[in-house]
Protein chains: 2
Amino acid sequence: MRYFPDSLMRLLTELQKLPGVGPKTAQRLAFHLLKEPAEDARRLGNAIGTIHEKLTNCTICGSITELHDDPCRICEHPQRDHSVICVVEDPDDVSIFERTGTYSGMYHVLGGLLSALNHVRPEDLRIPELINRLRGGEVAEVIFALSPSVEGSATVTYMLQHLAPHDIRVTQIAYGVPIGSDLDYVDDVTLSQALEARNEVG
Amino acid sequence: MRYFPDSLMRLLTELQKLPGVGPKTAQRLAFHLLKEPAEDARRLGNAIGTIHEKLTNCTICGSITELHDDPCRICEHPQRDHSVICVVEDPDDVSIFERTGTYSGMYHVLGGLLSALNHVRPEDLRIPELINRLRGGEVAEVIFALSPSVEGSATVTYMLQHLAPHDIRVTQIAYGVPIGSDLDYVDDVTLSQALEARNEVG
């Protein structure tokens, strides 16, 4: 790609570091930015370049929050239920549950899942921080909301040992057939899981 | 999306202005930027934010060049053939032909195609600049390399009138069956065009 000016080459190189952005997409994005007003490129560049300086991880739950807003709004919210903590893998999982609008408890971001393959060990996760939150005696329930994968199960199993000494209810979200889906298209593992986790009706 | 901090919301809004970037992709990109080192985000942000200040359009051919490198490297190149000008629609078309490595003439970027639908009139295109380049008498051939669309044909037809008074050869790139394609998969219009533009062999 020697046929582009240096500044454009640099932009293309940086864009291609983004997930899912190959040479063609990078070129499309770069020429789009050049066609639009300079002000737009400046605003986007500024929003990207300063994101680390403006955001941080909440010292309590570990999710994303403004630097000047720590602990985060959820952890500080007086109307939310401080007796329930939902344990998630990543900060973006918090947004997924918040979007539903039906959960009003607290969160705890682990920062990953135990994985021998990816060299993620217990000390890489925010487990001590969770145990610490249980010490005050205010927490009555911990809900695991992790991916239904080998890593997810391993993480729950490991953490159960550490939660056992504490007198709290430990639950996990229900795994089963997605609402609105056609049974024909649900995979076998999900169906087996849904059968096993069946509930009494009527 | 009220569940994200303001700085993150602003980043998501700006990212979604890019072509092909919806809410989900914006979120994936933003969380990727947050996970990677701050230096990476700063470099990308800087490359995007300053792109308009670093690049400009070459005053001769209209393609993209560094601000301090105008006329562009192609227009100034002593080894290239200054007697041939290839007329293209956009600056990125220049890179497409340069990539082939087989063309060694000059370029002229029109900046669009005539289109009643999109309100592109002759005065919106860099036609006078092309005519001007023919005045020196150095140019012997103008090659049209525009999209084989209604707009492309209309633009060629319009420009032919303006090129007629000049004693130069006017050609256009061959439109036909792409090399390596299976005839089964070539559309009818392309096939008809290929038949009509057939060449003597043997």
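Remember, it's a predicted structure, so these values are computed and weren't measured experimentally. (Residues numbered from 1 in each chain as written. Chains lettered and ligands numbered in written order. Predicted model: local features only at pLDDT ≥ 70, side-chain atom pairs only at ≥ 80, totals over all residues. Heavy atoms only, no water.)

Peer 1: Explanation requested: the pairing of strand 3 (residues 81-88) of chain B in the structure shown.
Peer 2: Regular strands place side chains that alternate from one sheet face to the opposite one. All names here are of chain B. Summarising the sheet, strand 3 and strand 4 (residues 105-109) pair through five bridges and their orientation is parallel. Bridge pairing links V87 to H108 in strand 4. Where strand 3 lies against strand 5 (residues 141-144), four bridges are found, and the strand directions are parallel. Bridge pairing in strand 5 links C86 to I143. (Pairing = 2+ DSSP bridges. Helix = DSSP H or I, 4+ residues; strand = E, 2+ residues; numbered from the N terminus.)

Peer 1: Is there a simple way to think about the pairing of strand 6 (residues 169-172) of chain B in this case?
Peer 2: All names here are of chain B. By the bridge criterion, four bridges tie strand 5 to strand 6 in an arrangement that is parallel. When the sheet's bridge partners are listed, F144 is paired in strand 6 with Q172. Viewed along the sheet, the connection from strand 5 through helix 8 (residues 150-163) into strand 6 turns out right-handed. (Right-handed = clockwise from strand over helix to strand, strands pointing away.)

Peer 1: Would you mind going over the layout of surface pockets with me for this structure?
Peer 2: A probe matching the size of a water molecule, rolled over the atoms, marks out where space remains unfilled. Residue and element names in this part refer to chain A. Its volume calculated, the largest pocket comes out at about 480 Å³. For the largest pocket, the lining is made up of 20 residues, of which P148, A174, Y175, G176 and Q193 are closest to its centre. Sorting the residues of the lining of the largest pocket by element identifies helix 8 (150-163) and helix 9 (188-196) as the ones contributing at least two each. (1 Å grid on protein atoms, 1.4 Å probe; cavity = no way out; pocket = protein on both sides within 12 Å on 5 of 7 lines; lining within 4 Å. Points joined across faces, edges and corners; volume = space filled by probe spheres on them.)

Peer 1: Before we go on, may I ask you to explain the domain arrangement of chain A in this structure?
Peer 2: One frequently used descriptor of interface size is the decrease in accessible area upon assembly of the parts. Domain assignment breaks chain A into domain 1 (6-49) and domain 2 (80-172). Spacing between the C-alpha centres of domain 1 of chain A and domain 2 of chain A amounts to 37 Å. (Domains from an automatic or database assignment.)

Peer 1: Which parts of the structure should I look at to understand the relation of the copies chain A and chain B?
Peer 2: What connects the two chain copies is a rotation about an axis and a shift along it. Rotating chain A by 180° and moving it 0.0 Å along the rotation axis overlays it on chain B with an RMSD of 0.0 Å. Expressed as a symmetry operation, the mapping of one chain copy onto the other fits a two-fold axis. In terms of proximity to the rotation axis, the leading residue of chain A is G45 of chain A, whose C-alpha is 1.9 Å off the axis. Interface residue correspondence from chain A to chain B reaches 100%, placing this contact among same-surface, isologous pairings. (Least-squares fit on C-alpha atoms with pLDDT ≥ 70 in both. Contact = heavy atoms within 4.5 Å.)

Peer 1: Would you explain the environment of L163 of chain B in this entry?
Peer 2: Residue and element names in this part refer to chain B. Tracing the backbone shows L163 in helix 8. The spatial distance from the C-alpha of L163 to the C-alpha of V189 is 28 Å, given a sequence separation of 26 residues. Residue contacts for L163: discarding those within four places in its chain leaves L130, I131, L134, V142, F144, I168 and V170.

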